[in-house]
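Breakdown of the fold
If you want the building blocks of each chain, they are given just below.
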Amino acid sequence: MSRTSDILNKAKILREQHQNDIDKKLIADMQTALKDTESFVNQRVNIISNDMQQEIDQTQQNLH
């Protein structure tokens with residue numbers, strides 16, 4: 001194998017490894033963002049549900 005083709009082959013391998021690292025980081029970041037979003041949405045659902053229940057309870061008390 002010539003020196004040039006050896007260098008090109010090593011460069012190709014390094015690019016592939018770098019791309020794999022980028023892909024893994026991107027997936028990890030996306031998973032974190034998804035978990036954070038899911039947590040935020042669940043918190044908001046709980047707050048809204050509690051607020052609605054309080055309104056229902058208050059309305060029922062007012063009707064009696």
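As a reminder, the structure under discussion sits directly above these lines.
Residues numbered from 1 in each chain as written. Predicted model: local features only at pLDDT ≥ 70, side-chain atom pairs only at ≥ 80, totals over all residues. Heavy atoms only, no water.

Observations concerning the overall build of the protein chain
Threshold: Going along the chain from the N terminus, every DSSP run of H or I of four or more residues is numbered as a helix, and every run of E of two or more is numbered as a strand. With C-alpha atoms as the basis for the radius of gyration, the globule rule is written as 2.2 Å multiplied by the number of residues raised to the power 0.38. The Shrake-Rupley method, run with a 1.4 Å probe, gives the accessible areas here. Residue values count only the displayed protein chains as cover.
On a plain count of helices and strands, the protein chain comes out with one helix and zero strands. Whereas a compact globule of 64 residues would reach a radius of gyration of roughly 11 Å, the protein chain reaches 28 Å, over 25% beyond that. Counting only C-alpha atoms, the protein chain reaches 95 × 10 × 10 Å along its principal axes. For the protein chain, the exposed area adds up to about 6,100 Å²; of that, 57% sits on carbon and sulfur atoms.

Let's talk about the pattern of salt bridges
For the record, the criterion: For this document, the term salt bridge refers to a Lys or Arg side-chain nitrogen within 4 Å of an Asp or Glu carboxyl oxygen.
According to the stated counting rule, one finds three salt bridges in the structure shown. In this structure, the salt-bridge partner of D6 is R3, at a minimum N-O distance of 3.9 Å. Of the two residues, D6 and R3 are both situated in helix α1 (residues 3-63); the distance of three residues between them amounts to about one turn of the helix. The closest approach of N and O atoms between D29 and K25, which form a salt bridge, is 2.9 Å. One end of the pair, D29, and the other, K25, are both in helix α1, four residues apart, so they sit about a helical turn from each other. Linked by salt bridges that have partners in common, R3, D6 and K10 make up one network.

Comments concerning the environment of T59
So the rule is basically this: Each residue gets one of three labels from its accessible area relative to the maximum for its type: buried under 20%, exposed over 50%, partly exposed in between, using a 1.4 Å probe on protein chains only.
Inspection of the secondary structure assignment puts T59 in helix α1. Taking the relative accessible area as the measure of exposure, T59 reaches 41% and is therefore partly exposed.

Quick word on the environment of Q53
Note that Q53 resides in helix α1. As a C-alpha pair, Q53 and H18 span 35 residues in sequence and 52 Å in three-dimensional space.

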